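Understanding the architecture of this molecule
As a plain string of letters, each chain reads:
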Amino acid sequence: QVTLRESGPALVKPTQTLTLTCTFSGFSFSSTAMRVSWVRQPPGKALEWLALIGWDDDKKYNTSLKTRLTISKDTSKNQVVLTMTNIDPVDTATYYCARALGYCGGGNCYHYMDVWGKGTMVTVSS
Amino acid sequence: IWLTQSPSLVSASTGDRVIITCRLSQVINGYLAWYQQKPGKAPELLIYATSSLQRGVPSRFSGSGSGTDFTLTISGLQSEDFATYYCQQYYNFPWTFGQGTKVEIK
């Protein structure tokens, strides 16, 4: 059974750095078919994709947040970590991690998010 | 790539057929997914690759489309289907979502 669980602080002060951890089980991160992604959702608003990391350490970022985001992995611990610098109240949201399952063809691979964690709510306030 | 869902809100009754549209700002070669999200819960994958039904998802859900226009159809709305639905493209980075369509009880 594939599961993912997000963990991190519930409350962060403005200008601080937010560090979130996604701990997963039930799949191996050593396959081109597997990647892990982060998505967030401010209260009452739509989903926003943040970042993605592959088994080969290939990383993709939301263009508008790229300078503030870093995604990394610890394969030995089955964990993916997202850090966001210079946190602001507008970053208040539920943060989800999700497995991205891929299929390849014509030299390209395309991944969709098939299993999600329950999410962790982060409030940014002084 | 921008995704525009319509309508933003659907009021429907159990048993109704509901169609949600997702229009994109450019062609994505069918790399589109649909998610269902209930209040306080994480999104769940319904459809990927435009029309492939995720394992365990009821067959009353179906997806179709091509080019820049895609649809999610719920044939015979059930009480557990009242939720918000999102489309998402995974053809190009950054991945992007539609703004969501809420299906509420009429």
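Here's what I pulled together on the structure shown here. Everything quoted here is computed from the prediction, not taken from an experiment.

1. Considering the nonpolar core
By size, the foremost hydrophobic cluster in this structure holds 27 residues, and its most contacted members are Leu18(A), Val36(A), Trp38(A), Leu50(A), Ile71(A), Val80(A) and Tyr95(A). Listing elements by their share of this core, those giving two or more residues are strand E3 (18-25), strand E4 (34-41), strand E5 (48-54), strand E7 (69-74), strand E8 (79-84), strand E9 (93-105) and strand E11 (120-124) of chain A. In terms of residue count, the dominant contributor to this core is E3(A) (four residues). Among the nonpolar cores identified, the runner-up in size contains 24 residues, and Ala12(B), Ile20(B), Leu46(B) and Ile74(B) belong to it.

2. Notes on the sheet that holds E7(A)
Hydrogen bonds between backbone groups are what pair the strands of a sheet, and the pairing can be parallel or antiparallel. Residues and elements named next belong to chain A. Spatially, E1-E3-E8-E7 is the arrangement adopted by the four strands of the open sheet, whose pairing is antiparallel. Strand pairing shows two members of the sheet lacking a second neighbour, strand E1 (3-7) and E7, which therefore form its edges. Each strand axis lies, on average, 20 degrees off the axis of its neighbour in the sheet, ignoring direction. Of the pairings in the sheet, the one linking E3 to E8 comprises six bridges and is antiparallel in character. Bridge assignment links Leu 18 to a residue of E8, and that residue is Met 84.

3. Overview of unusual backbone geometry
Residues and elements named next belong to chain B. With an omega of -10 degrees, the peptide bond between Ser 6 and Pro 7 qualifies as cis. Along the chain, Pro 7 turns up in the loop between strand E1 (3-6) and strand E2 (9-12). In the segment running from Phe 93 into Pro 94, the intervening peptide bond is cis, with an omega of 0 degrees. Following the sequence through the fold, Pro 94 ends up in the loop between strand E9 (84-89) and strand E10 (96-97). Unlike most non-glycine residues, Ala 49 shows phi in positive territory, near 50 degrees. By the secondary structure assignment, Ala 49 is in the loop between strand E5 (44-48) and strand E6 (52-53). Phi angles above zero are rare outside glycine, and Thr 50 is one such case at about 70 degrees.

4. Overview of the packing of aromatic side chains
Applying the stated rule across the entire model yields 18 aromatic pairs over all chains. When the centroid spacing of 6.0 Å and the interplanar angle of 50 degrees are considered together, the rings of Tyr112(A) and Tyr90(B) count as tilted. Separated into two different chains, Tyr112(A) in strand E10 (residues 108-116) and Tyr90(B) in the loop between E9 and E10 make up a pair that spans both. Summarising the aromatic geometry, the rings of Tyr35(B) and Phe97(B) are spaced 6.2 Å apart at their centres and angled 55 degrees between planes, so their arrangement reads as tilted. Of this pair, Tyr35(B) sits in strand E4 (residues 32-37) while Phe97(B) sits in strand E10, and the two are 62 residues apart along the sequence. Owing to a relative accessible area of 0%, Tyr35(B) belongs among the buried residues under this scheme. Relative accessible area serves as the criterion here: at 10%, Phe97(B) is assigned to the buried category. It is Arg99(A) that lies over the ring of Phe27(A); its NZ or CZ is 5.3 Å from the centre.

5. Some points on the side chain of Ser37(A)
All names here are of chain A. For Ser 37, the position within the fold is in strand E4. By relative accessible area, which is 0% here, Ser 37 ends up buried. Among the polar contacts listed, one links the side chain of Ser 37 to the side chain of Trp 49, at a separation of 2.8 Å. Among the polar contacts made by the side chain of Ser 37, one reaches the main-chain carbonyl oxygen of Ala 51 at a distance of 3.1 Å.

What counts and how
- Residues numbered from 1 in each chain as written.
- Chains lettered and ligands numbered in written order.
- Predicted model: local features only at pLDDT ≥ 70, side-chain atom pairs only at ≥ 80, totals over all residues.
- Heavy atoms only, no water.
- Core = buried A, V, L, I, M, F, W, Y, C linked by side-chain atoms within 4.5 Å.
- Buried < 20%, exposed > 50% of the residue type's maximum accessible area, 1.4 Å probe, protein only.
- Helix = DSSP H or I, 4+ residues; strand = E, 2+ residues; numbered from the N terminus.
- Pairing = 2+ DSSP bridges.
- Axes fitted to C-alpha atoms, helices over the stretch in contact; angles between N-to-C directions.
- Phe/Tyr/Trp six-rings, centres within 6.5 Å; stacked < 30°, edge-to-face > 60°.
- Lys NZ or Arg CZ within 6 Å of the ring centre and 35° of its normal.
- Polar contact = N/O pair within 3.5 Å; in protein donor to acceptor, adjacent residues only side chain to side chain.

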